[in-house]
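# Remarks on the overall topology
Below are the chains, spelled out letter by letter.
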Protein chains: 2
Amino acid sequence: IPFLQRKSLVVLKDWAGLWTDGRYFLQAADQLAGSGIELMKSGEPEVPTIGGFLAGHLPQGGALGFDGRTVSNSFAGTLTEALKEKQVTFACDKDLADAVWIDRPALSKEPVWELGCEYAGASREDKLARVREELAKKADVIVLTALDEIAWLLNLRGNDVQCTPVFLAFMKITAETAELFVHESILNADIQAKLAAAGVTLRPYEEIYAGISEVPAGQKLWIDSSYANYRIVQSVPEGVIVNDEASPVILMKSVKNATEMANMRQAHIKDGAALTRFMHWLKTTVGREPVTELSAAAKLEGFRQEMEHYVGPSFDPIVGYGSHGAIVHYEPTPETDAELKPQSLCLVDTGGHYLEGTTDVTRTFALGETTEEEKKAFTLVLKGHLNLGAAVFRQGLCGQNLDYLARSPLWEHGLDYNHGTGHGVGYLLSVHEGPQRIHWRITGAKTVPFEEGMITSNEPGVYLEGKFGIRHENLVLTRKGEMTEYGQMMYFENLTMVPFDLDGIDASLLTERERGLLNAYHKQVYETLAPLYSEEEKQWLADYTAAI
Amino acid sequence: IPFLQRKSLVVLKDWAGLWTDGRYFLQAADQLAGSGIELMKSGEPEVPTIGGFLAGHLPQGGALGFDGRTVSNSFAGTLTEALKEKQVTFACDKDLADAVWIDRPALSKEPVWELGCEYAGASREDKLARVREELAKKADVIVLTALDEIAWLLNLRGNDVQCTPVFLAFMKITAETAELFVHESILNADIQAKLAAAGVTLRPYEEIYAGISEVPAGQKLWIDSSYANYRIVQSVPEGVIVNDEASPVILMKSVKNATEMANMRQAHIKDGAALTRFMHWLKTTVGREPVTELSAAAKLEGFRQEMEHYVGPSFDPIVGYGSHGAIVHYEPTPETDAELKPQSLCLVDTGGHYLEGTTDVTRTFALGETTEEEKKAFTLVLKGHLNLGAAVFRQGLCGQNLDYLARSPLWEHGLDYNHGTGHGVGYLLSVHEGPQRIHWRITGAKTVPFEEGMITSNEPGVYLEGKFGIRHENLVLTRKGEMTEYGQMMYFENLTMVPFDLDGIDASLLTERERGLLNAYHKQVYETLAPLYSEEEKQWLADYTAAI
C-alpha cells in the first residue's frame, strides 16, 4: 500500500478547505461534494501550501488555533515561518475538534501483550542497551515519541491504533533510567514485572510534558523535532541543549535481525497461501455467484484467519473493481461497494499481521475478458516491478538510485504513477516505516542506503481515471550478495509468494530477461506454496504459475 | 574523460604527503616512488582527510601556510573547522611554492578572440541582461570568479589555460555596471570597443581584491564561496551581506541554446569522422608498422587537424595500451610510452575544440587477439553505456537517478569503476562543467535535474590493474520527448558518432534490446559519417558499423 500522508483541514470564519495529495484527489472530491469544504490539491502548481494560504488570509496579528498534541513540530515550524510577517500567534493548548465532535470515542486503552524473543529475536534489555550505546555518543536523555519505536524497543504490542498493534505511550531514557509514560491499566502484572526487571519504570501517560520539563538545564536532550508533536518541543526547558535528529530506533527496527528475517519469510508463505486461495476463488466465482468488493474483502480475510498466528489486517483492505482501482487508496464502503463482473480488472491491496511478521501485497486480477489497453498497462507495470525486484547494486545505494527501474517502462509510454515505489515495513508494527524509501525525488534528509535486513515494498502502478487501476506489490528483503574489491554487492529477496495473474499479461511486451524473471518467480511460488496445498489446489497453482 | 579533482601536497618539517583520489592511486604511486613523498589515498577508510591529518600533527597555536589565491574558500573552510581546537592560524598571503620553483613560467597573457553569435547563439548583451535578471532577484552585486563563466558571458575565448580556451579574468557586475578585471594587453582594440559598447569597463587583473573591498556596506554581494578562492572571500568588507550560492551562469551555460545544439552536432560529426579514420588506421597499422601510444596520439591529432574550424585538443590525450589502460588518467610520456602490439586493448580518451563546440570521446580498441576476460569486460561496460544512453525519464530526474543503468551490468558481475559516469561539457570551454553530473552518490548540493540542452558524458569503465582498462564514452544531449498528463518526458540524443569496436564484443552477453540499441547506433553512425567519406572509406565504415 503506498505511503499515506497527513490530510489537513483549515477552517476560517467563512471558508473551509481540505488539503490532500494526489492519491486522494478523486476520493476527496467525491466525499467532499456538497459539504461546502473546498478540496485543495497539495502539490498542484496553482494550489498554495497551508502556510502560504494562511499568510494570505489571516489578519495582521491574528491567532491560529490547533491542538499542539496533534500537529507535528515540523509542520508547526512551516506555519511559524509563513506567518512571521503577519505576527500571527498560536493558540495550541485547546482541542477545538473536541467541542464539536459529539460522539467522539475516548482515548483507547486496550491491553498490551508480550512479543516473545522467538518472534522479536532480541530481548528488550539488549535493545535498551543498543539505544543507550547510541545515546552515549550524542546526548544525556532521549525522548521517544513514535509508538512503533516504543513497541519495538520493549517487545510489547497493543491495540490502540487500528491495524497497527501499538499502544499509547512515550518514553524517556537516560544512561540509568528508562521511564515509560503509559496508562498503567493496560499493562498486566506479568508485563509490569518484566518491565521492572529490565529497569523500566512507569509514569502516567499525561505526565510526558512534565517529564520533559524536568530535564536539567545544561543536559543534552535527543529529540526528533520533525516527528515529535508541537507541545513536546514547546515543553523543553530553557538551557537544555536539543540534539535534533532522527531517533536511533528508526534504523534499528528497520534492519531486521536473523530471527525476524526467518519469521518474515514464514509469515509471507502463510499469507501467500491465503491470498492465492483467494485468487482462485475470485477468478472462479465472479460471473457465477454475486461478488462485491466488500464480500471479496471478507472472503480474503476469512482465508487469512485460517492461518496459524494470524493477528489481523495490517491496513484496511483495498479492493477496487474497474474504475475504483484508479483511486489509489480506495476502500470499499456499503455506499460505494461495486459488483465484480467477468470483465476488467480488480485491484486487491491488503496485508496481514502474524506473530511472524507483517505482510503488504497487491495483486491485480483479470476477471474474464480484458482489453488490450488493460493488458498493456498491466504488463508495463509488471516489467517495472520485475526489473526493480532483480536489482543488483553496491552497498551505499538508496531508493532514489533504483526508482528508475520501476518507472522506466511506464515513462517510455508516457505514463507514471503519483506515489512512491516503495516504503519500509515494520515487524508486526506499522505497515509503513522508514527510514528507507523508493522514489526518484531526492530530498536531503531521506537518503538512507539499503542495509541487509531492511524490508521494503516494490509497488509500481498505473491509474487511468474512470477506467481501471493496476498495482503489483511484493515485499522484498535486502540481502548481501558478493563481496568484491569494488565493494559489497546487494540484492533483493522476494518475500511475497503470490502469482501474478497470467491472464493480465501481454507476453509480447516482456523482454527475454523479464520473462525469465517472471517464470523463475512463479516457479519459486509454486515450490513454496505447494507443500501447504491439497492435490486439487496444487493443480490450479500449477496453472497460475506456469512458465510463459 | 572522467572528472579530475584537486590534488593536494602537504609539507611538514620532516614529512610530505600527496592526497589524491582513487583515479590516481596507480599513477601517483608510480610517480612518487623514491621521492620521499607519501601517497595519501583520499577516501580510503584508514586515510585521514587533510584537515584531520593536520589536526593530529600541527602544534597548539601553530601556523599553516598556503597561497590564498590558489586554495578554494570551501577547502579552507574545512581546514578552519578541523583546526579550530588547535587554534591554528593561517598565513595565506605568501606564495610559498614560488620561492622554490626556480623555472616557474610567468602568468599567461595570451590574446583573447571573439566567438561570433553564429557560434554562441546569443549576444553578450543578451547574456548580461539574463545575469542581471537573476541578480535583481537575489543581490546588488555579483562577482564571477570562474574563467569559463566569464568567457561564456562575454562571448570571448583565450588561451591562458592548457586545453581550455579561457583567459585570466574576474568580473564584478551590478544592475548598471560590469567591470572586467583583466590584463588589458590581451584584448585587441576591436574587442575593447565591443566590450565598451556592451557597457563592460576594464580594470587591471590584480585589482579584483580592491574591487571587492569597494562593495558598500549594506549591499548584498552574490559570490559562490565554494568556487571562489580564499582571498576573494577574505576581501569582502564587513557589513556586506553575502548571498553565498552557485553563480546563475553555471546553469545558463550548461543549457545550450538552439544554435549551440546545432553546432555541437556538427562538431561531433567532424570529430567522429577524424576518430573513425584513426580507428581504421590503428586497427590496420598495429602489427605492421611500429606504433606507440605517443605516435598514435599524434596521428589522431593529425586527423583532427584536417577538420575545418579545429581549434585544438580539449584535454591531453589519454592513449593507454594494455595495463596502461587501467590507469584512469594515464597520459603517455616519452618515459612511459608503450608500443602497441596486435593483442589486448588500447583505451583512447581524447577530445577536440572546434568553433562549433567541444568533444570528449573514449573508445577502446581491440588490437588483434583479445582474451575472453577482455571481451567480457568490454561488453559489460558497453551494456551499461547503451542502457544509460537509451534512458527515457520524466523531467526532474538527476544523474543520481540514472547512474544505476550504467553500472548494473558490472555490479551483477561484482565489478565497478572508481569515477563518475558523467559530467557536463562546455561549448568551446572546459571539457568538464556542472551543474549536472551522473553518479549514484547523493550529495545534497549537486542534485540538478537534466534540462533540454544539457550535454553530458556517458562513460562507464572497468579497470583491471596490471591487465587492461576499458571505457566507452559518448556525449549525449538532453532532449524533451513526449509531454503527457504525467509530465514532460526526456531522453538523450547521442552526439558522438564513432563505432564501438565490434572485435571487442561478446555478443552472447547482450540482450536483444541492447543488440538493437547497438545496431541502431551503428546505423546512425554510418549514415552520418558516410557523406564525409570516400568510397574506399565507406567500405570499412560499413564493416565497423555492421549489424550484429
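Attention in this report is confined to the structure presented alongside it. Note that this is a predicted model, so its numbers are computed, not measured.

### A word on the pattern of salt bridges
Residues and elements named next belong to chain B. In the structure shown here, the tally under the stated rule is 72 salt bridges over all chains. For E214, the salt bridge goes to R203, with nearest N and O atoms at 2.9 Å. Here R203 lies in strand β11 (residues 200-203) and E214 lies in the loop between α9 (208-213) and β12 (220-222), a separation of 11 residues in the sequence. What makes E214 partly exposed here is its relative accessible area of 42%. The exposure class of R203 is buried, given its relative accessible area of 14%. Residue D271 is joined to R304 by a salt bridge in which the shortest nitrogen-to-oxygen separation is 2.5 Å. Residue D271 is found in helix α12 (residues 258-285), and its partner R304 is found in helix α13 (residues 293-305); the two are separated by 33 residues along the sequence. R304 matches D271 in its accessibility class, with the two residues each being buried.

### Quick notes on the sheet that holds strand β12 (residues 220-222) of chain A
Residues and elements named next belong to chain A. Spatially, the six strands line up as an open sheet ordered β11-β10-β9-β7-β12-β13, and their pairing is mixed. The open sheet is flanked by β11 (200-203) and β13 (241-243), the only strands paired with a single partner. When strand polarity is set aside, the average angle formed by the axes of neighbouring strands in this sheet is 25°. Here strand β10 (residues 178-182) runs beside β11; their pairing, made up of four bridges, is parallel. The residue of β11 that forms the bridge with A178 is V200. Packing against the sheet, helix α7 (residues 147-154) makes contact with β7 (141-144), β9 (169-174), β10 and β11, and its axis sits at approximately 60° to β9.

### Section: the relation of the copies chain A and chain B
In the superposition of chain A on chain B (RMSD 0.1 Å, axial shift 0.0 Å), the rotation amounts to 180°. The symmetry that links the two subunits is that of a two-fold axis. No C-alpha of chain A lies nearer the rotation axis than that of A:N401, which sits 2.3 Å from it.

### Concerning unusual backbone geometry
In this structure, the amide linkage connecting A:G434 to the following residue, A:P435, adopts the cis form with an omega of 5°. Residue placement: A:P435 occurs in strand β22 (residues 433-438). A positive phi angle is found at B:S344, which is not glycine, with a value near 65°. At B:L428, a residue that is not glycine, the phi angle is positive and equals roughly 50°. Checked against the element boundaries, B:L428 lands in the loop between β21 (422-424) and β22 (433-438).

### Comments concerning the side chain of B:K86
All names here are of chain B. Relative to the assigned elements, K86 resides in the loop between α3 (73-82) and β5 (89-91). E85 provides the closest opposite charge to the buried, unpaired K86, separated from it by 9.0 Å. With near-sequence residues (within four places) excluded, K86 lies in contact with A55, G56, L58, P59, Q60, G61 and G62.

About the criteria used
- Residues numbered from 1 in each chain as written.
- Chains lettered and ligands numbered in written order.
- Predicted model: local features only at pLDDT ≥ 70, side-chain atom pairs only at ≥ 80, totals over all residues.
- Heavy atoms only, no water.
- Salt bridge = Lys/Arg side-chain N within 4 Å of Asp/Glu carboxyl O.
- Helix = DSSP H or I, 4+ residues; strand = E, 2+ residues; numbered from the N terminus.
- Buried < 20%, exposed > 50% of the residue type's maximum accessible area, 1.4 Å probe, protein only.
- Pairing = 2+ DSSP bridges.
- Axes fitted to C-alpha atoms, helices over the stretch in contact; angles between N-to-C directions.
- Contact = heavy atoms within 4.5 Å.
- Least-squares fit on C-alpha atoms with pLDDT ≥ 70 in both.
- Lys, Arg positive; Asp, Glu negative; His and termini not counted.

Remember that the coordinates give geometry; whether it matters functionally is a separate question.
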